[in-house]
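Remarks on the overall topology
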Amino acid sequence: MLGDDAELTAAVRAAQDGDETAFRTVYRAVHPRLLGYVRTLVGEPDAEDVTSEAWLQIARDLERFSGDADRFRGWAARIARNRALDHIRMRGRRPATAGDETELAGRPAESDTATEAIESLATDSTLSLIAQLPQDQAEAVVLRVVVGLDAKTAAETLGKRPGAVRTAAHRGLKRLAELLDADAESVGALDAVPQQRGSRTRAVTSAGVTHTRSRTQKDM
């Protein structure tokens, strides 16, 4: 994945001129994050197909695109979102959504350590946690943190105000922090349990209650 937006901008422009190698560079830079975004909308089973449809449209309409790397990511995300929503409508489903965030549009988002935490996770682990968020929060978090869009571009993608997207992302990141803490506590609790193949159990006999012990690895 390209870390330099200038390089991605140059690759997009070269791809617009018909450079197939440049288009492959753009694809490698953007596809993993775009796929992650689509997963939050349609789920794992259909994400690859929907994202492939989005890339077909991206390739077809690339000549008409104008802008830098960040605008390209936003443009690609809008195309992917439209394809995902078309897919959802065809299947008769709708993504779960929470309440309207516009009443808090002017409230600035606070810094949150969850951003660093989820960036340190593997993609699949991150997305499995994001999938537990309300849909508006999930989209805002993925577009801001995973796809890497600024608030303005993410808002254009979602058809919302930047403040509403910032608020949804902040709420989503706060909830993710809680999920991460809960997940860490679960792992810690499991690690504290001694690993054994057998445990003491109770068996009821005609003579009353007696105690039996299942065979452990030491007995075998």
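This report concerns the structure included in the present document. (Residues numbered from 1 in each chain as written. Predicted model: local features only at pLDDT ≥ 70, side-chain atom pairs only at ≥ 80, totals over all residues. Heavy atoms only, no water.)

A look at helix α1 (residues 5-16)
In this model, α1 (12 residues) spans 16 Å end to end at C-alpha, consistent with the 16 Å of a helix rising 1.5 Å per residue. Every buried residue of α1 is listed here: L8, T9, A11, V12 and A15. On an axial view of α1, the arc spanned by its buried residues comes to 165 degrees, and they lie on one face. Packed against the buried residues of α1 are α2 (20-42) and α4 (69-90). One or two positions beyond α1, positive phi appears at G18, with a value near 100 degrees. (Helix = DSSP H or I, 4+ residues; strand = E, 2+ residues; numbered from the N terminus. Expected span 1.5 Å × (residues − 1). Buried < 20%, exposed > 50% of the residue type's maximum accessible area, 1.4 Å probe, protein only. Arc of directions from axis to C-beta. Contact = heavy atoms within 4.5 Å.)

Quick word on the side chain of Q57
Mapping Q57 onto the fold places it in helix α3 (residues 44-61). A polar contact of 2.3 Å, which involves the side chain of Q57, links it to the side chain of R83. (Polar contact = N/O pair within 3.5 Å; in protein donor to acceptor, adjacent residues only side chain to side chain.)

What to know about the packing of aromatic side chains
Under the criterion given, the structure shown has 5 aromatic pairs. Aromatic side chains F23 and W55 sit 6.0 Å apart centroid to centroid with 85 degrees between the ring planes, which places their arrangement in the edge-to-face category. One end of the pair, F23, is in helix α2; the other, W55, is in helix α3, with 32 residues separating them in the sequence. Between F72 and W75 the ring centres are 5.8 Å apart and the planes differ by 45 degrees, which places this aromatic pair in the tilted class. Here F72 pairs with W75, and both are found in helix α4, just 3 residues apart, close to one helical turn. Accessibility expressed as a relative area gives 1% for F72, which makes it buried. Assessed through its relative accessible area of 15%, W75 is described here as buried. (Phe/Tyr/Trp six-rings, centres within 6.5 Å; stacked < 30°, edge-to-face > 60°.)

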